[in-house]
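# Chain and residue survey
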Amino acid sequence: MDTSQPEPPDTGPSRRRRLTLFGAPDNQDQVAVADLLRSVTVGGVLMLIAAVAALLWANLAPGSYETVREFRIGPMSVGHWASDGLLTIFFFVAGLELKREFRAGSLSKPSQALVPIVAAACGMAVPAGLYVALNLGPEGRLEGWAIPMATDIAFALAILAVAAPKLPSSLRAFLLTLAIVDDLGAILVIAVVFTSQVSWLSLGLALGCAVVWFVLQQARLDKWWLHLPLFVACWWFMYDSGVHATIAGVLLGLLTRTSPEEAHDPVDRWEHFWNPISAGLVVPLFALMAAGVHFDLTIAREVFTTPVTLGIVVGLVVGKTIGVTAGAWLTSKVTGAELPADIRWRDIMSLAALAGVGFTVALLVAELAFPNEPDLGDRAKGAVLVASVIAAVLGTILLRSRTRARVRAGVLE
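In short, a report on the structure.

## Regarding the overall build of the chain
The number of helices and strands found in the chain is 15 helices and two strands. Expressed as a percentage of the 413 residues in the chain, the buried residues total 52%. Counting only contacts in the chain whose residues sit at least 6 apart along the sequence, the fraction spanning at least 24 positions is 81%. Accessible surface for the chain amounts to roughly 18,800 Å². Of this, 68% is attributable to carbon and sulfur atoms.

Structure, rendered in structure tokens:
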């Protein structure tokens, strides 16, 4: 072919179409991504403020912080209400997002879903593998292998929105889908790995509530006064069963009805209602109760010297960058797909570095990994915070560098 001539238009199925790794989302996806970006950006800022407040409170007045966190309300302490109770709303919203993506979003399209799924899987496997490798010695603790697996959606998207607002929408959709798939993997790990003793009766009752929820959805009985008590009952039975209570939120979110042909279906309505509550109230409160770890020079040095904390930092900062990039690259080699014309592999690597920002789920897993060793759990949380800061700074530098490169190339103004 004479490459100096313009490429003929695609006029029929006989012409071989170029396969791209992922493209720009369609109009419906763009609206959904834009709405979610607005809420998580605000939520990310509030979460950061809450985390800083927790660190200051825990280090300047540790006695009062622990008193508040351990104060019991009913069957649980305030800290447990934040992680086992309110955080169920966050996971419910995650379940709604997953359901929409599976039915009508990027995860419903195999050609687009393959890349973030493989990238997310590699972005979970490589950090876990690095953590295990650094904890094989006598001082290591293999129980924390799942801590560096999860990317925090709110923080990552908030940083992306601030650091690189002019990047192509396809990259934003890629990061969003990657983080959602990443959270799904972390949810499965929480459900399978961190469940030791199960009350099968309570679990059966929780699943029974989920079945009733599904039946009501299919019957289009979407009244809140039916679903709210059912949600609370499912959450309580799941908590009582020994399975982490937040799994109830994901399960009910996935069982909620959605359809591309139905305007304002329950997924759209409930996500619109609960997303601001989750991002603006639930997650910041969790951060306030979970991020209050004691820091001094000795603990700061231990972050980079002890196997557990070093494994978390290396897993999030190095493992995520390598895993996500390698996953996307592997997909391109296996499928023969190409990057879109306006995207380079350095853009993918920049997003991969940003995926090392782990917060909400990583802090939760840190609590679950060392339930009877609060000091070690606090050190693990401290490592998550340090790694998240490093990944945020690294990702911001790389993203701004890519933006400047696009400006110099005349792609952006």
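## Quick look at the pattern of salt bridges
Here the structure, examined in full by the defined rule, presents 10 salt bridges. Where Asp182 meets Lys320, a salt bridge forms, and the shortest distance between an N and an O atom there is 2.5 Å. With Asp182 in helix 6 (residues 169–193) and Lys320 in helix 12 (residues 307–335), this pair connects stretches of sequence that are 138 residues apart. One continuous salt-bridge network, built from bridges that share partners, spans Arg141, Glu143 and Glu373.

## Some details on the layout of surface pockets
Of the pockets and cavities examined, the largest pocket occupies roughly 760 Å³. Lining the largest pocket we find 30 residues, and of these His80, Glu367, Leu368, Phe370 and Pro371 sit closest to its centre. Secondary structure elements with two or more residues in the lining of the largest pocket: helix 2 (62–70), helix 3 (78–103), helix 14 (360–369) and helix 15 (374–408). Residues of the lining of the largest pocket, tallied by class, amount to 12 nonpolar, 10 polar and eight charged.

## Thoughts on the nonpolar core
Nonpolar side chains tend toward joint burial in soluble globular proteins. Within the largest apolar cluster, 105 residues are counted, with the highest numbers of intra-cluster contacts made by Ile147, Leu160, Ile312 and Phe359. A total of 12 residues in this core trace back to one element, the largest contributor, which is helix 6. Not counting the four nearest positions on each side in its chain, Phe359 is found in contact with Met47, Ala51, Asp152, Phe155, Ala287, Ala291, Val384, Leu385 and Ser388.

## Things to note about the packing of helix 3 against helix 14
For the pair helix 3 and helix 14, the least separation of the axes is 12 Å and the interaxial angle reads 145 degrees. For the pair helix 3 and helix 14, the sense of crossing is left-handed. Contacts between helix 3 and helix 14 involve Ser83, Leu87, Phe90 and Phe91 from the former and Thr360, Val361, Leu364 and Glu367 from the latter. Grouping the amino acids of the contact of helix 3 with helix 14 by side-chain chemistry returns five nonpolar, two polar and one charged.

## Quick notes on the packing of helix 8 (residues 224–241) against helix 9 (residues 246–254)
The relative placement of two packed helices is expressed as an angle between their axes plus a distance between the axes. It is the contact of helix 8 with helix 9, at a shortest axis distance of 8 Å, that shows an interaxial angle of 135 degrees. As the angle between them shows, helix 8 and helix 9 are arranged oblique. Considering how the two elements wind past one another, helix 8 and helix 9 form a crossing that is right-handed. Counting all contacts with helix 8, which are made through Phe231, Cys234, Trp235 and Met238, the residues of helix 9 involved are Ala248, Gly249, Leu251 and Leu252. When the residues that make up the contact of helix 8 with helix 9 are grouped by side-chain class, the tally is seven nonpolar, one polar and no charged.

## Topic: the side chain of His227
Tracing the sequence through the fold places His227 in helix 8. When neighbours within four sequence positions are excluded, His227 is seen to be in contact with Trp213, Leu216, Gln217, Leu221, Asp222 and Trp270.

## What about unusual backbone geometry?
At Arg220, a residue that is not glycine, the phi angle is positive and equals roughly 60 degrees. If you trace the backbone, Arg220 turns up in the loop between helix 7 (200–218) and helix 8.

## Remarks on the environment of Gln218
Along the chain, Gln218 falls in helix 7. Its relative accessible area of 45% is what places Gln218 among the partly exposed residues. For Gln218 and Thr258, which are 40 residues apart along the polypeptide, the C-alpha to C-alpha distance reads 9.9 Å.

## Comments concerning the packing of aromatic side chains
For the coordinates displayed, the defined rule picks out 11 aromatic pairs. Ring plane angle 25 degrees and centroid distance 5.6 Å describe the contact between Trp81 and Trp235, whose orientation is recorded as stacked. Taken as a pair, Trp81 in helix 3 and Trp235 in helix 8 lie far apart in primary sequence, 154 residues in all. Assessed through its relative accessible area of 27%, Trp81 is described here as partly exposed. A residue is classified by how much of its surface remains accessible, and Trp235, at 10% relative accessible area, is buried. Here the aromatic rings of Trp213 and Trp270 are separated by 5.7 Å at their centres, their planes lie at 65 degrees, and the arrangement is edge-to-face. A residue pair is termed long-range when its members are at least 10 positions apart, and Trp213 in helix 7 and Trp270 in helix 10 (residues 266–290) qualify at 57 residues. Residue classification places Trp213 among the buried residues on the basis of a relative accessible area of 2%. Since its relative accessible area comes to 12%, Trp270 is described here as buried. Site record: aromatic cluster; members linked through ring pairs are Trp81, Trp235, Trp236 and Tyr239.

Reading the values: the criteria
- Residues numbered from 1 in each chain as written.
- Predicted model: local features only at pLDDT ≥ 70, side-chain atom pairs only at ≥ 80, totals over all residues.
- Heavy atoms only, no water.
- Helix = DSSP H or I, 4+ residues; strand = E, 2+ residues; numbered from the N terminus.
- Buried < 20%, exposed > 50% of the residue type's maximum accessible area, 1.4 Å probe, protein only.
- Contact = heavy atoms within 4.5 Å.
- Areas by Shrake-Rupley, 256 points an atom, 1.4 Å probe, with all protein chains shown as cover.
- Salt bridge = Lys/Arg side-chain N within 4 Å of Asp/Glu carboxyl O.
- 1 Å grid on protein atoms, 1.4 Å probe; cavity = no way out; pocket = protein on both sides within 12 Å on 5 of 7 lines; lining within 4 Å.
- Points joined across faces, edges and corners; volume = space filled by probe spheres on them.
- Nonpolar A, V, L, I, M, F, W, Y, C, P; charged D, E, K, R; others polar.
- Core = buried A, V, L, I, M, F, W, Y, C linked by side-chain atoms within 4.5 Å.
- Axes fitted to C-alpha atoms, helices over the stretch in contact; angles between N-to-C directions.
- Left-handed = near helix turned anticlockwise from the far one by under 90°.
- Parallel < 35°, antiparallel > 145°, perpendicular 65-115°, else oblique.
- Phe/Tyr/Trp six-rings, centres within 6.5 Å; stacked < 30°, edge-to-face > 60°.

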